Amino acid sequence: MDAYRCKNVSGPLDAVVRVPGSKSLTNRALVLAALADGVSVLDNILLAEDTRIMLDALRALGIAATVDKSSLCAEITGCGGQLPESEAELFCGNSGTTIRFLAALCAAGYGHFTLDGVPRMRQRPIGALGSALQTLGCGVEYLESEGFPPLRLHAQGLRGGHVAFDAPESSQMVSAILMAAPYAGRDLFIEVTSDLPSRPFVDMTIRLMDQFGVVVLADRADSAHRSSRFVVEAPQRYRATNLAIEPDATNAMYFLAAAAVCGGRVTVEGLGDHSLQGDVRFVDVLTAMGCAVERGANRLTVNGPSDQSPLRGIDVDLGGMPDTAQTLAVIALFAEGPTRIRNIANLRVKETDRIAAMTRELTRLGARVEESADELTIHPSEQLHPVEIDTYNDHRMAMSFALAGLRVPGLVIRDPQCCEKTFPDFFLRLQVATETGRP
């Protein structure tokens, strides 16, 4: 399918939705299970492009991994911290979690490993992680451009000690070192000397490591939270674990946001107050815009704004959950007053330069958009145009602008297949939910 023609919603929504498993949790759990002692069973895994790439790479490293596609269950036989293979070429697609997590995993092994991906991956920085791995004793060779994939690792185990990051482009680099750290030769101390983008994803990593039996000591060093410190004491080992993967919180927000755009009520099952995922806090953003949120242990419900209290623009820092910024930018089209989204600089090194891409497409729709290095301000227009939205091979561009398609007649999403990355049947589920109220 080259294009998806959006279908307008005629009235308020009334839907109950369950979304697939979390990509972030699935890829982290796969790495931890691969390093663990024994056999781990992971239920409700996400089966999409990014996680299939991770599974294929782990198999190339000698990890036994079987998947039951019908039950979405994976069985991973851990290597006890000793990678079976000492030579491998790993294709990472355009999956940031895969290339960053595998780089640290390979550095903890012994041998020579090459990591590469699609052309866009060769524009996504990995130099800060490479420098950290060099500090820990791994040889890092950049095969084309310094600080970018493809790279070749000459691994001889991690020696531990102190690693410092100054303004890393992605929290995934910190998570990568943390997950490999238990198998270092001595205690490993990680210090981030400036703001850590997407800090909740590092907290997710730490909580997941705890479920696999490894303790991380974490500290924010000052009241402004501008530095972070983590210690992983040696020796520690992951133990095999049976784990149910939560639904993907970032992907769930598209459905909850639909209530903000169209009115009515949408419930997502399987996510609640105790979620490991920081992006569940996006419902607080919806509350600030005028929606009502109901929270439970295993469900979240958003009630859209009323005629008496319409959707309103806000000023918000999304540095802790930047993957929701595109969702908010599209919701802002239907709010009263401007919406300013701050502290999202790392969106420029994602699947595409998301700040620039959002500016182009929102402007084509009819909004006035102000763009800076790390901000977007959206001024909505009373007249939105039925255009064909370019998605730039970015799943989040496609899914976020699908929300606009619920209200704007004639809107078309180009290249909807890009959602294969994390949510293969997104458009089907959205259509069913908005037509019948339940997928």
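Enquirer: Would you mind going over the packing of aromatic side chains with me for this structure?
Expert: Each aromatic ring pair is summarised here by two numbers: the centre-to-centre distance and the angle between the ring planes. On inspection of all chains with the given rule, the structure shows eight aromatic pairs. Ring plane angle 70° and centroid distance 5.8 Å describe the contact between Tyr-254 and Phe-426, whose orientation is recorded as edge-to-face. Remark: Phe-426 occurs in helix α12 (residues 426-436) and Tyr-254 occurs in helix α7 (residues 249-262); sequence separation between them is 172 residues. Between Phe-423 and Phe-426, the ring centres sit 5.4 Å apart and the planes meet at 70°, which makes this aromatic pair edge-to-face.

Enquirer: I'm lost on the sheet that holds strand β22 (residues 388-389) in this one. Help?
Expert: Strand order in this open sheet of three strands is β1-β23-β22, and the pairing throughout is mixed. Each end of this open sheet is capped by a strand with a single partner; those strands are β1 (3-5) and β22. By the bridge criterion, three bridges tie β1 to strand β23 (residues 412-414) in an arrangement that is antiparallel. Residue Tyr-4 lies in a different strand from β23, and its bridge partner there is Ile-413.

Enquirer: What should I look at first to understand unusual backbone geometry in this one?
Expert: One can expect most non-glycine residues to show negative phi and most peptide bonds to be in trans. The omega torsion of the bond from Pro-149 to Pro-150 falls at 0°, within 30 degrees of zero and hence cis. For Pro-150, the location among the structural elements is in the loop between β8 (139-142) and β9 (151-156). The omega torsion of the bond from Ala-234 to Pro-235 falls at -5°, within 30 degrees of zero and hence cis. Within the fold, Pro-235 resides in the loop between β13 (228-232) and β14 (242-244). With a phi angle near 60°, Asn-44 is a residue other than glycine that sits in the positive phi range. Here Asn-44 lies in the loop between β3 (39-43) and α2 (49-60). A positive phi angle, near 55°, is found at Leu-72, a position not held by glycine.

Conventions and cut-offs
Residues numbered from 1 in each chain as written. Predicted model: local features only at pLDDT ≥ 70, side-chain atom pairs only at ≥ 80, totals over all residues. Heavy atoms only, no water. Phe/Tyr/Trp six-rings, centres within 6.5 Å; stacked < 30°, edge-to-face > 60°. Helix = DSSP H or I, 4+ residues; strand = E, 2+ residues; numbered from the N terminus. Pairing = 2+ DSSP bridges.

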